[in-house]
Amino acid sequence: MKIICIGRNYAEHIAELQNERPSEPVIFMKPDSAILPAHNPFYIPEFSNDIHYEVEIVVKINRLGKHIATRFAPKYYDEIGLGIDFTARDLQNKLKDKGLPWEKAKAFDGSAVIGDFLPKAHFEDINAIEFGLIKNEEWVQKGNSSLMLWKIDEIIAYVSQYFTLKIGDLIFTGTPAGVGKVSPEDELKGFIGNQKMFEVKVK
Ligand code: ZN
């Protein structure tokens, strides 16, 4: 399976990192080795002094597809979850400055936290999902899928022009504003609405 991630999909997050608003979705990938095994702590890797959390809605693909039209995209997923796209921001900034690929900063071991999934039928409107992240009992990120620059179905249509989507593939749909650094002993909890989707301890 593969993890496809969308960068710069929320205007306020683009602004906080002083990035340019893209004219097309920004895409990068994580290998399956990036998945943090369930209930494991996240260990801050030695190569970074600035690991950021990014809470994101995650879509699980349930059908093989390529060149999917936006209007047919809803047929390709029936579960929505929540995860963290851990990012070595210091390393990413160096790579960005040089115009180099982001993999070392984005796709390292443990960089993908994947929480529980909810059936699509749970949601009244896929484009109005409230979600957020609590760090040490304090809300640090709050988002709503209505604020995505590219909505879930548009993302599926876009990425499937380049990559065949397979059963079990995951799409991280971008992070809202409020990203920040993690430190040892931090506790992160992700929520969709008031439902807890994951809990991670940082070491
Ligand atoms: Zn992200």
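The coordinates are above.
Predicted model only: the values in this text are computed from it and were never measured. Note on numbering: residues in each chain are counted from 1, in written sequence order. Since the coordinates come from a predicted model, pLDDT governs what is reported: local features require at least 70, and pairs of side-chain atoms require 80 or more to be given and counted, while whole-chain, interface and lining totals use all residues. Side-chain measures were taken over the full set of non-hydrogen atoms in the model, leaving aside hydrogen atoms and water.

Caption draft 1: Structural context of the overall build of the protein. Of regular secondary structure, the protein possesses four helices and 13 strands. As a reference, a globule follows 2.2 Å times the number of residues to the power 0.38, and the radius of gyration itself is taken over C-alpha atoms. For 203 residues, the compact-globule formula gives about 17 Å, and the C-alpha radius of gyration of the protein, at 16 Å, lands near that figure. Each principal axis of the C-alpha distribution contributes one length, and for the protein these read about 45 × 40 × 30 Å. Only protein chains enter the accessibility calculation, which uses a 1.4 Å probe; a residue is then buried when its area is under 20% of its type maximum, exposed when over 50%, and partly exposed in between. Every one of the 203 residues in the protein was classed for burial, and the buried ones make up 52%. We call two residues contacting when some pair of their heavy atoms lies within 4.5 Å. A separation threshold of at least 6 residues defines the contact pool for the protein, and within that pool the share at least 24 residues apart is 76%. Residue exposure ignores everything except the shown protein chains as possible cover, and the areas themselves are Shrake-Rupley values with a 1.4 Å probe. Looking at the protein as shown, the accessible area adds up to about 9,800 Å², and 49% of this sits on carbon and sulfur atoms. The convention is simple: Lys and Arg are positive, Asp and Glu are negative, and His and the chain ends are not counted. Working definition for charges: the position is that of NZ of Lys, CZ of Arg, CG of Asp or CD of Glu. Side-chain charges of the protein comprise 25 positive and 29 negative groups, with the mean position of each set lying 4 Å from the other. Runs of E in the DSSP output that reach at least two residues are strands. Runs of H or I that reach at least four are helices, and both are numbered from the N terminus.

Caption draft 2: Just the side chain of Arg 8, in detail. Along the chain, Arg 8 falls in the loop between β1 (3–7) and α1 (11–16). Counted as salt bridges are all cases of a side-chain nitrogen of Lys or Arg within 4 Å of a carboxyl oxygen of Asp or Glu. Despite being buried, Arg 8 has no salt bridge partner; Glu 20 is the closest side chain of opposite charge, sitting 6.8 Å away. When neighbours within four sequence positions are excluded, Arg 8 is seen to be in contact with Ile 14, Asn 19, Glu 20, Pro 22, Val 26, Lys 96, Trp 102, Leu 149 and Trp 150.

Caption draft 3: Here's a closer look at the sheet that holds strand β5 (residues 77–85). Only when DSSP finds a minimum of two bridges between them are two strands counted as paired. Taken in spatial order, the six strands of this open sheet run β2-β1-β10-β4-β5-β7, and their pairing is mixed. Whereas interior strands pair on both sides, the edge strands pair on one side only; in this sheet they are β2 (26–30) and β7 (112–119). Ignoring strand direction, the axes of neighbouring strands in this sheet form an average angle of 30 degrees. Relative to β2, β1 runs antiparallel, the two being bridged by five bridges. Paired with Ile 3 across the two strands is Lys 30, which belongs to β2. Think of each axis as a best-fit line through the C-alpha atoms, taken over the contacting stretch in the case of a helix, with angles from 0 to 180 degrees between the N-to-C directions.

Caption draft 4: Structural view of the coordination of the zinc ion. Coordination of the zinc ion by the protein involves Glu 54 (OE), Glu 56 (OE) and Asp 85 (OD), with metal-donor separations of 1.9 to 2.1 Å. Coordination of the zinc ion draws on donor residues from a single chain, spaced E-x1-E-x28-D in sequence. Of this pair, Glu 54 sits in the loop between β3 (51–53) and β4 (55–61) while Asp 85 sits in strand β5, placing them 31 residues apart in sequence. Overall, Glu 54 belongs to the buried group, its relative accessible area being 3%. Donors, by definition, are the N, O and S atoms found within 2.8 Å of a metal, the threshold being 3.2 Å for Na, K and Ca, and water is not counted, so a site can look incomplete.

Caption draft 5: Region of the structure containing the nonpolar core. Take the buried residues of types Ala, Val, Leu, Ile, Met, Phe, Trp, Tyr and Cys, join any two whose side-chain atoms come within 4.5 Å, and each joined set is a nonpolar core. Ile 80, Ile 84, Phe 86, Ile 152, Ile 156, Ile 171 and Phe 198 are the most contacted members of the largest nonpolar core, which totals 47 residues. No other element matches helix α4 (residues 152–159), which puts five residues into this core. The residues touching Ile 156, leaving out its near neighbours within four places in the chain, are Val 59, Ile 61, Ile 68, Ala 73, Tyr 77, Leu 165 and Ile 171. In this structure, Val 26, Phe 28, Leu 170 and Phe 172 belong to the second largest nonpolar core, which totals 11 residues.

Caption draft 6: Expanded view of the sheet that holds strand β12 (residues 187–192). The antiparallel open sheet is built from four strands, whose spatial order is β9-β8-β12-β13. The open sheet has two free edges, formed respectively by β9 (138–144) and β13 (195–201), since each of these has just one partner strand. The mean angle between the axes of side-by-side strands here comes to 15 degrees, regardless of whether they run parallel or antiparallel. Where β12 and β13 come together, six bridges link them in antiparallel fashion. Pairing of Lys 189 across the sheet is with Glu 199, part of β13.

Caption draft 7: Expanded view of the pattern of salt bridges. Across all of its chains, the model carries 11 salt bridges by this definition. Measuring nitrogen to oxygen at the nearest pair gives 2.7 Å for the salt bridge that ties Lys 30 to Asp 85. On the criterion of sequence distance, the pair formed by Lys 30 in strand β2 and Asp 85 in strand β5 is long-range, its members being 55 residues apart. Counted as one network, the salt bridges with shared partners bring together Lys 30, Glu 54, Asp 85, Arg 89 and Lys 106.

Caption draft 8: Examining α4 more closely. Among the eight residues that make up α4, seven are buried, leaving the element largely enclosed by the rest of the structure. Within the sequence span of α4, burial applies to Ile 152, Asp 153, Ile 155, Ile 156, Ala 157, Tyr 158 and Val 159.

Caption draft 9: Spatial organisation of the environment of Asp 85. The class of Asp 85 is buried, set by a relative accessible area of 1%. Along the chain, Asp 85 and Ile 14 lie 71 residues apart, while their C-alpha atoms are 15 Å from each other. Filtering out sequence-adjacent residues up to four positions away, Asp 85 remains in contact with Phe 28, Lys 30, His 52, Tyr 53, Glu 54, Glu 56, Lys 106, Ser 111 and Phe 172. A polar atom in the side chain of Asp 85 sits 2.7 Å from the side chain of Lys 30. N or O atoms closer than or at 3.5 Å make up a polar contact, with two conditions inside protein: a donor-capable atom paired with an acceptor-capable one, and, for residues adjacent in sequence, both atoms drawn from side chains.

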